[in-house]
Amino acid sequence: CDDDCGSTGDSAGGRWHIMESKPASGSHGDVDLYDPCQWWFCNEERVKDTFFWAARLDREESEGILFPMAWDLDNIGVVGEDRTAYMRDLCSGC
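Residues numbered from 1 in each chain as written. Predicted model: local features only at pLDDT ≥ 70, side-chain atom pairs only at ≥ 80, totals over all residues. Heavy atoms only, no water.

J.: Help me out: how do you make sense of the side chain of T84 in this one?
T.: Inspection of the secondary structure assignment puts T84 in helix α3 (residues 84-91). Residue classification places T84 among the buried positions, given a relative accessible area of 5%. Reaching out from T84, the side chain makes a polar contact with the backbone nitrogen of F52 at a distance of 3.0 Å. The residues touching T84, leaving out its near neighbours within four places in the chain, are T50, F51 and F52. (Helix = DSSP H or I, 4+ residues; strand = E, 2+ residues; numbered from the N terminus. Buried < 20%, exposed > 50% of the residue type's maximum accessible area, 1.4 Å probe, protein only. Polar contact = N/O pair within 3.5 Å; in protein donor to acceptor, adjacent residues only side chain to side chain. Contact = heavy atoms within 4.5 Å.)

Printed below as a string of structure tokens:
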């Protein structure tokens, strides 16, 4: 993602990055949020048939894309953004 990622003024410079919860991150903690290869799911084999979504707060920027919630697939109230291409590209180098 370039600087035009829908986020401004954060410590990532407006770039998308992966965040993992403490329990799942194990000993990694928050050592380097910008190194995607540290996460268990970020490798070419694991992401090739996986889809990635991000929830959006701005409905106008969502372009009608919904965030699919596994626990409530009928819920059409949460807008999202398809991040699949970005994540597959990012993780294919790991």
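J.: Please explain the pattern of salt bridges as it appears in this structure.
T.: Close approach of charged atoms lets side chains of opposite charge pair. Inspection of the entire model under this criterion finds three salt bridges. A salt bridge links E45 to K48; the nearest nitrogen and oxygen atoms lie 3.2 Å apart. With relative accessibility at 56%, the residue E45 sits in the exposed group. Among the salt bridges present, the one from R83 reaches E81, with a minimum N-O distance of 3.1 Å. The exposure classification of R83 matches that of E81, with both residues buried. (Salt bridge = Lys/Arg side-chain N within 4 Å of Asp/Glu carboxyl O.)

J.: Got a minute to help me understand the state of the cysteines in this structure?
T.: Chemically, a disulfide is nothing more than a covalent bond linking the sulfur atoms of two cysteines. Per the stated rule, a full pass over the model turns up two disulfides. Two residues, C37 and C94, share a disulfide whose sulfurs are 2.0 Å apart. Since a negative S-S torsion denotes a left-handed disulfide, the C37-C94 link at about -80 degrees is left-handed. One end of the pair, C37, is in the loop between α1 (22-25) and α2 (44-47); the other, C94, is in the segment after α3, with 57 residues separating them in the sequence. You can call C94 partly exposed: its relative accessible area is 32%. Across a sulfur-sulfur distance of 1.9 Å, C42 and C91 are joined as a disulfide pair. Judged by the torsion about the S-S bond (-100 degrees), the C42/C91 disulfide is left-handed. Here C42, found in the loop between α1 and α2, pairs with C91, found in helix α3; they are 49 residues apart in sequence, far enough to count as distant. With relative accessibility at 3%, the residue C42 sits in the buried group. On the basis of relative accessible area, C91 is assigned to the buried category, the value being 0%. (Disulfide = S-S within 2.5 Å.)

Note that every value here comes from positions in space, so none of it alone points to a role or purpose.
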